[in-house]
Amino acid sequence: MSTPTARSSSAARVAALLLAFEDPTRGDPERSVSELARHVGREKSQVSRMLKELAKAGLVEQSPQTRRYRLGWNLRVLAAGSGDTLLVQAAKPMLQQLVASTGEVALLSVQEGRHCLTVLREESAHSLRAGGWVGRRSPLHCTASGRALLYASSDDHVELMTAEDLDSSRMNPRGPENLDSLLETLRVERARGYSIASEEVEVGLTSVAAPVRSPAGDLVGVINVSAPTSRIISKCDKIGKLLVSTSGVITRRMSFQ
């Protein structure tokens, strides 16, 4: 009989293998056994056995032509039911409009535990790394999207969600240095309706974000425009106001879906 530890270890190996298929820099969805083995740091024979079991469940598929693997339809069906599909469907065309209006990348993010998770990205003509933010988790306290996700939180909840990252990020002089400075920043940003984070996470990058609410009034995500600081810094307030109005359209779109 397998122990709980063994089952947990097996689940972790399967999760790591499935996540190894995700590489936003590649357009080819197929992966060879050798590629996957290198990515997860395991023997090819072990990875091959795992892939065969996953294929039986329809979670991966093997191409009869190339013998390479790709994610299967059963997994895609499961993924389609995850998260807030109404939010994604309502936001996608509005992100495209933001790109058209600003000429910059537009993102949709949600809160996942103590992090901000990017779930949708629309490219601009200036994009340097296609899709590179999707699936990326960022701290809540020092990103525009992260702070916008905290607008509906009490001070105590903000402290709970950010204490660990605040303690570990003191080497970043541009972000909030402590809880008091974070709470003051949030008070200012809540009042105007959007957050601005200039080079708080990445040198040369500035982002503007605004929260998105459900038709019932719950904060369900944030929309964001990000660009090199040199291109966006003089337009942050204009973009912030555009994000606030776009957020309202997304809320209305959700009510009609």
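Scroll up to find the structure this text is about.
Residues numbered from 1 in each chain as written. Predicted model: local features only at pLDDT ≥ 70, side-chain atom pairs only at ≥ 80, totals over all residues. Heavy atoms only, no water.

Student: Is there a simple way to explain the packing of helix H5 (residues 85-102) against helix H10 (residues 236-255) in this structure?
Tutor: Closest axis-to-axis distance for the H5/H10 pair is 9 Å, and the angle between their directions is 150°. Here H5 is positioned roughly antiparallel relative to H10, judged by the angle of their axes. Judged by the twist between their axes, the crossing of H5 over H10 is right-handed. Counting all contacts with H5, which are made through Leu86, Leu87, Gln89, Ala90, Ala91, Pro93, Met94, Leu98, Ser101 and Thr102, the residues of H10 involved are Ile239, Leu242, Leu243, Thr246, Val249, Ile250, Arg253 and Met254. (Axes fitted to C-alpha atoms, helices over the stretch in contact; angles between N-to-C directions. Helix = DSSP H or I, 4+ residues; strand = E, 2+ residues; numbered from the N terminus. Parallel < 35°, antiparallel > 145°, perpendicular 65-115°, else oblique. Left-handed = near helix turned anticlockwise from the far one by under 90°. Contact = heavy atoms within 4.5 Å.)

Student: For this particular structure, what's the right way to read the pairing of strand E3 (residues 105-112)?
Tutor: The buried fraction of E3 is high, at six of eight residues. Here five bridges tie E3 to strand E8 (residues 219-228), and the two strands are oriented antiparallel to one another. Among the inter-strand pairings, Leu107 is bridged to a residue of E8, identified as Asn224. In terms of strand pairing, E3 meets strand E4 (residues 115-122) through seven bridges, oriented antiparallel. When the bridges of E4 are listed, Glu112 appears paired with His115. In this structure, the hairpin formed by E3 and E4 is closed by a connection of two residues, where Gly113 is found at a positive phi of approximately 60°. (Buried < 20%, exposed > 50% of the residue type's maximum accessible area, 1.4 Å probe, protein only. Pairing = 2+ DSSP bridges.)

Student: Sorry if this is basic, but what is going on with the nonpolar core here?
Tutor: The nonpolar side chains of soluble globular proteins are, as a tendency, buried together. Residues Leu87, Leu95, Leu108, Val208, Ile223, Leu243 and Ile250 are the most contacted members of the largest nonpolar core, which totals 26 residues. Every element with two or more residues in this core is listed here: H5, E3, E4, strand E7 (205-213), E8 and H10. The contacts of Val208, once residues within four sequence positions are left out, are Ala144, Tyr194, Ser195, Ile196, Ile223, Asn224, Val225, Ile232, Cys236, Ile239, Gly240 and Leu243. Core analysis: the second largest hydrophobic core is formed by 16 residues, Leu140, Tyr151, Leu183 and Leu186 among them. (Core = buried A, V, L, I, M, F, W, Y, C linked by side-chain atoms within 4.5 Å.)

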